[in-house]
Amino acid sequence: MAIKTCKENGHKYDSSEHNQCPYCPDKTEVMDKQSMPQDGSGSNDEKTEVISALSEDKTAIHKPAEDDSSTESTGSTGRKLVGWLVSFTWNSEGQDYQLREGKTLLGADNTCDIVIGDSEVSGHNTTILNRGGKFRIKDEFSTNGTIIDGHEIEDQTDLKDGSTITLGKTDFLFRKI
């Protein structure tokens, strides 16, 4: 490994892997076609782009950064998907919200798992709990309450597939997987 310092910005880079600083803008590392693997043994992580402005026999190799996770689809929560809430109140095409194992907090506050943009929904309005394949719903002492199938709930209540949940002016259809 031969560490070199970029003359323009002072970046450190491995000169045995790069001909010029890979961090400086508008810099592209260029290889001759002959030095590229011809047997298809190149990595799938490499993106090859022909740069016609330089020459047709030059190819630029762009390698993703080590911490670049934009191409990976992660469940990010690490919790199993167990159901959905679907609302047509504010969007005629429908808006869906995923429910995952454990607790899901619904409300107007940005810290909630599902944030509802309705002025009549409390900051922390309702909690939906999934445990052992069963769903329960609980009002979190909200101002306007939590209504299930037209009835306001006062205690923690079982939630059944196909139920309608009303928070403020927003209606949700609950679907269980």
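Structure shown above.
Thresholds applied
- Residues numbered from 1 in each chain as written.
- Predicted model: local features only at pLDDT ≥ 70, side-chain atom pairs only at ≥ 80, totals over all residues.
- Heavy atoms only, no water.
- Helix = DSSP H or I, 4+ residues; strand = E, 2+ residues; numbered from the N terminus.
- Buried < 20%, exposed > 50% of the residue type's maximum accessible area, 1.4 Å probe, protein only.
- Contact = heavy atoms within 4.5 Å.
- Areas by Shrake-Rupley, 256 points an atom, 1.4 Å probe, with all protein chains shown as cover.
- Pairing = 2+ DSSP bridges.
- Salt bridge = Lys/Arg side-chain N within 4 Å of Asp/Glu carboxyl O.

A. The overall build of the protein chain, seen in detail. Tallying secondary structure elements over the protein chain gives 0 helices and 16 strands in all. A burial count over the protein chain gives 28% of its 177 residues as buried. Expressed as a percentage of contacts within the protein chain between residues at least 6 apart in sequence, the contacts between residues at least 24 apart total 30%. Accessible surface, the protein chain: about 12,200 Å² in total, of which carbon and sulfur atoms supply 45%.

B. Structural view of the sheet that holds strand β16 (residues 170-176). Spatially, 6 strands are ordered β7-β6-β16-β15-β12-β13 in an open sheet, and the strand pairing comes out antiparallel. What marks the edges here is a single partner per strand, and that holds for β7 (95-100) and β13 (151-152). For strand β6 (residues 81-87) and β7, the ladder comprises 6 bridges, and the chain directions are antiparallel. Bridge pairing in β7 links Leu85 to Tyr97.

C. Highlighting the pattern of salt bridges. Counting across every chain of the model gives 3 salt bridges. We note a salt bridge from Glu120 to Lys169, for which the minimum N-O separation is 3.7 Å. Taken together, the residues span a long stretch of sequence, with Glu120 in the loop between β9 (114-115) and β10 (126-131) and Lys169 in the loop between β15 (164-167) and β16 at a distance of 49 residues. Residue classification places Glu120 among the partly exposed positions, given a relative accessible area of 31%. Notably, a salt bridge pairs Arg136 with Asp158, separated by 2.4 Å at the nearest N-O pair.

Honestly, that's just the spatial picture; any functional story needs more than this.
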